[in-house]
There are 2 protein chains.
Amino acid sequence: MLKARDELTCQVRDVLNRVGDKWTLSVVNELGAGPRRFNEVRRAVPGISQRMLTRTLRVLERDGLVVRSIYAEVPPRVEYELTPLGRTLLERVSGLIDWAVEHHEDVESARGRYDARHPGDASRDFAE
Amino acid sequence: MLKARDELTCQVRDVLNRVGDKWTLSVVNELGAGPRRFNEVRRAVPGISQRMLTRTLRVLERDGLVVRSIYAEVPPRVEYELTPLGRTLLERVSGLIDWAVEHHEDVESARGRYDARHPGDASRDFAE
DNA sequence: CTGCATCCTATACGATACTG
DNA sequence: CAGTATCGTATAGGATGCAG
């Protein structure tokens, strides 16, 4: 029996939460271009802290989306790379990123129109 | 000149954050099946609080992804529906949802393997 | 039925300092 | 270079009560 496609199960939601956090999409997107060292990703994702990059990569590794290769050199070198599973996710993620690039101006103008139509709502959270 | 496709700008990140929050994907997915009243969506998205549904719908409306129609009846009726722009987002969102449905078991087994290989990390956050 | 306001908690995230 | 540990803050989100 197939799972209900129209219903987002806990487990599906769990996966989507992963993707929805602040940095996962950016990191996956960067690794999509090829294997990267820790600090290469760090530089390619402006604003990410060392802590969050470490955590994001650990979670991706744990979920089987990224492989971590340690090279016992001096200085130590660690490379991260998408797994085949990770690459299947990248395809879908790219779809979202493309949408955002194509339509974020539409979204912004819609916001402008909404805010003009609802001037009293400046106190509401999304306005700030 | 085209925007750098490999770089996630602030504005793109902004759009992705929207989609990445706890409920937006579920709500958009539900509205993808057709116009829905407030409490219809509420019932279709288990676990969502009234507050968060209201907020999620307001943000979607503000961003031009959803239209809100009020019918002056007794009792009052309000219907939400995806806009054409919202429907273009739905396509990409569906891609992600499909991925989650297809692969969440892969992810879970990968997690199990990781946790078995890293028994000492039970104290780390993702384990809980 | 639909929605706003208030209070409260959990947690995601950032800054900083320290280690093999 | 590639992390870990600790701390402080901001924010998302839940519970509850009231209103058109």
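Look above for the structure.
What you are looking at is a predicted structure, and each value in this text was computed from that prediction instead of being measured.

Asks: Where do I start with the nonpolar core in this structure?
Replies: Nonpolar side chains in soluble globular proteins tend to be buried together. Ranked by size, the top nonpolar core spans 60 residues in total, and within it Val27, Leu31 and Trp99 of chain A together with Val27, Leu31 and Trp99 of chain B carry the most contacts. Beyond its immediate chain neighbours, meaning those up to four positions away, Val27 of chain A contacts Val41, Ile48, Leu53, Thr56, Leu57 and Leu60 of chain A.

Asks: Sorry if this is basic, but what is going on with the pattern of salt bridges here?
Replies: Any two side chains of opposite charge can pair, given that their charged atoms come close. Counted under the stated rule, the structure contains 14 salt bridges over all chains. Among the salt bridges present, the one from Glu79 of chain A reaches Arg77 of chain A, with a minimum N-O distance of 3.2 Å. A salt bridge links Arg77 of chain B to Glu73 of chain B; the shortest N-O distance between them is 3.1 Å. Under the relative-accessibility criterion, Glu73 of chain B is labelled partly exposed at 38%. A network of salt bridges, in which partner residues are shared, links Arg18 and Asp63 of chain A together with Arg111 of chain B.

Asks: What should I look at first to understand the protein's contact with DNA strand D in this one?
Replies: Near DNA strand D lie 20 residues; those nearest to it are Gln50, Arg68 and Tyr80 of chain A together with Lys22 and Arg51 of chain B. Taken together, the sugar and phosphate atoms account for 57% of what DNA strand D places within 4 Å of the protein. Within the side chain of Arg58 of chain A, an N or O atom sits 3.0 Å from a phosphate oxygen of DNA strand D. Lys22 of chain B is positioned such that a nitrogen or oxygen atom in its backbone is 3.0 Å from a phosphate oxygen of DNA strand D. Those elements that place two or more of their residues in the surface near DNA strand D are α3 (38–44), α4 (50–62) and β3 (77–82) of chain A together with α4 (50–62) of chain B. In terms of residues, the surface near DNA strand D owes the most to one element, α4 of chain A, which gives 4 residues. Broken down by class, the residue content of the surface near DNA strand D amounts to 8 nonpolar, 5 polar and 7 charged.

Asks: In this structure, what is going on with the pairing of β3 of chain A? I would like to understand it.
Replies: Residue and element names in this part refer to chain A. In terms of strand pairing, strand β1 (residues 36–37) meets β3 through 2 bridges, oriented antiparallel. What sits directly across from Arg36, in β3, is Tyr80. Relative to β3, strand β2 (residues 66–71) is paired through 6 bridges, and the arrangement is antiparallel. Following the sheet pairing, Ile70 is matched in β3 by Val78. Hairpin remark: β2 followed by β3, antiparallel, with 5 residues in the connecting loop.

Reading the values: the criteria
Residues numbered from 1 in each chain as written. Chains lettered and ligands numbered in written order. Predicted model: local features only at pLDDT ≥ 70, side-chain atom pairs only at ≥ 80, totals over all residues. Heavy atoms only, no water. Core = buried A, V, L, I, M, F, W, Y, C linked by side-chain atoms within 4.5 Å. Buried < 20%, exposed > 50% of the residue type's maximum accessible area, 1.4 Å probe, protein only. Contact = heavy atoms within 4.5 Å. Salt bridge = Lys/Arg side-chain N within 4 Å of Asp/Glu carboxyl O. Near = heavy atom within 4 Å. Polar contact = N/O pair within 3.5 Å; in protein donor to acceptor, adjacent residues only side chain to side chain. Helix = DSSP H or I, 4+ residues; strand = E, 2+ residues; numbered from the N terminus. Nonpolar A, V, L, I, M, F, W, Y, C, P; charged D, E, K, R; others polar. Pairing = 2+ DSSP bridges.

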